[in-house]
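# Observations on chain architecture
The lines below spell out each chain.
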Amino acid sequence: MTSRVEHTDVGAYALGLLDEDDRLAFEAHLLGCSPCRYELSDLAGVASVLHGIAPVEDLGPPSPEPPGDVVDLLRRKKAADRRTRRGTFVIGMAAAVTLVAGGLTIGTQLSAGDTPQVAQGHGGHMGTNMGPAEQFYADGKPIEGTGVAGVTGGLVVESKGWGTHAALKLSGVKGPLECELISVGKSGERRVMTGWSVPPAGYGVPGSPDPLYMHGGSATQLRDIDHFEVVTSAGRKLLTIKA
């Protein structure tokens, strides 16, 4: 059975709504399609925000199926599944747009016991060891930061119509800690781009060598940002990156 790959499937893939055949076909498509990879990186974190939204149901009366017409029944079921998947994606993106328009930052909030959504080290849907944030970081031009007490890391940033998108790499931290990535404007305005928890084992340290990769967004335009900071919930500055 051959699955048809569409560029519009990137949203459904990010939300985990593709069936097995479509998912495998789309992952193969990602390897050769940079626009889809970057769009997928933009959607990192949206899936967790939209988790729990019920799928759109087809409320129309079912059409009577001729007895024994199994092939036609399967075709109709697949088409209905695709409509449901696309409907869920439309609702999800509408919710995401509403959050951004309200000045909120979409980020993946992690508790100490959670598995990071975009941290390096999980298998990844693309069949590699790289998650969306790590892929974006590797494809970009990292700006190295200045850390304290063994903390290292950097950012890959890009200007967006809605503000500034950044992918963070962070190493040399042990938990438990709660941290935030903050953009500091030239005017002094501070905006939280994303937040996360560091488990006791930490990231990029002996016994837990994998660094943390995380996406974030700021409503401040890149040209108006002076620098970025990684700070703890207690206000301790761990890393500073010049814009």
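Residues numbered from 1 in each chain as written. Predicted model: local features only at pLDDT ≥ 70, side-chain atom pairs only at ≥ 80, totals over all residues. Heavy atoms only, no water.

Attention shifts here to the pairing of strand β8 (residues 225-232). Here β8 lies mainly inside the structure; 7 of its 8 residues are buried. Where strand β5 (residues 177-185) meets β8, 7 bridges bridge the pair, whose relative direction is antiparallel. Among the inter-strand pairings, V184 is bridged to a residue of β8, identified as H227. Relative to strand β9 (residues 237-242), β8 runs antiparallel, the two being bridged by 5 bridges. By the bridge assignment for β9, H227 is matched with K242. (Buried < 20%, exposed > 50% of the residue type's maximum accessible area, 1.4 Å probe, protein only. Helix = DSSP H or I, 4+ residues; strand = E, 2+ residues; numbered from the N terminus. Pairing = 2+ DSSP bridges.)

So, on to the sheet that holds β5. Overall, antiparallel pairing links the 5 strands, which are arranged β2-β9-β8-β5-β6 in an open sheet. Strand pairing shows two members of the sheet lacking a second neighbour, β2 (146-147) and β6 (190-198), which therefore form its edges. As judged from the 8 bridges shared by β5 and β6, these two strands associate in the antiparallel manner. By the bridge assignment for β6, L181 is matched with T194.

Once that is clear, we can look at the packing of aromatic side chains. Within this structure, the stated rule accounts for 1 aromatic pair. Ring centres of Y137 and Y213 lie 5.7 Å apart, and the angle between their planes is 70°; this geometry places the pair in the edge-to-face category. Of this pair, Y137 sits in helix α6 (residues 132-139) while Y213 is found in strand β7 (residues 212-218), placing the two residues 76 residues apart along the sequence. Judged by relative accessible area, which is 8%, Y137 ranks as buried. (Phe/Tyr/Trp six-rings, centres within 6.5 Å; stacked < 30°, edge-to-face > 60°.)

Under the 1.5 Å per step criterion, the end-to-end length of helix α2 (residues 20-31) is 17 Å for 12 residues, consistent within 8% with the ideal 16 Å. Of the positions making up α2, those classed as buried are D22, A25, F26, E27 and L30. (Expected span 1.5 Å × (residues − 1).)

Okay, the side chain of E27 next. As for its position among the elements, E27 is in helix α2. Residue E27 is classed as buried on the basis of its relative accessible area of 10%. A distance of 2.7 Å separates polar atoms of two side chains, one belonging to E27 and the other to R23. (Polar contact = N/O pair within 3.5 Å; in protein donor to acceptor, adjacent residues only side chain to side chain.)

What follows deals with the nonpolar core. As a rule of thumb, nonpolar side chains are buried together in soluble globular proteins. Formed by 20 residues in total, the largest nonpolar core has its most connected members in L168, L170, L181, W196 and V230. Going through the elements one at a time, β4 (163-171), β5, β6, β7, β8 and β9 are the ones with two or more residues in this core. Not counting residues up to four positions away in its chain, the partners in contact with L168 are Y137, G154, L155, L181, W196, L212, Y213, M214, V230 and L239. In this structure, Y13, L18, F26 and C36 belong to the second largest nonpolar core, which totals 9 residues. (Core = buried A, V, L, I, M, F, W, Y, C linked by side-chain atoms within 4.5 Å. Contact = heavy atoms within 4.5 Å.)

What follows concerns the environment of S41. Here S41 is to be found in helix α3 (residues 34-42). Note on S41: relative accessible area 2%, which makes it buried. It is 9.9 Å that separates the C-alpha atoms of S41 and Y137, two residues lying 96 residues apart in sequence. Other than its neighbours up to four places away in sequence, S41 contacts P132, F136, H165 and H215.

Quick look at the side chain of T220 now. Mapping T220 onto the fold places it in the loop between β7 and β8. Within the local environment of T220, its side chain forms a polar contact with the side chain of R191, the two groups lying 2.8 Å apart. When sequence neighbours within four positions are dropped, the list of residues in contact with T220 reads G163, T164, S183, E189, R191 and I225.

Taken across its 7 residues, β7 has 7 buried, putting it largely inside the fold. Burial along β7 is two-sided: the face carrying L212, M214, G216 and S218 and the face carrying Y213, H215 and G217 are both buried. With 7 bridges connecting them, β4 and β7 associate as antiparallel partners. Bridge pairing in β7 places A166 opposite G216.

Let us now look at the sheet that holds β7. In space, the 4 strands of this open sheet follow the order β1-β3-β4-β7, with antiparallel pairing throughout. Two strands bound the open sheet, and with one partner strand each, they are β1 (143-144) and β7.

Looking at the protein, the pLDDT average stands at 74 and 60% of residues meet or exceed 70. A low-confidence stretch, residues 54-59 (pLDDT under 50), is modelled with 7 contacts involving residues beyond four sequence positions or located in other chains. Across residues 95-128, where pLDDT falls below 50, the model places 66 contacts with residues more than four positions away in sequence or in other chains. (pLDDT = per-residue confidence, 0-100.)

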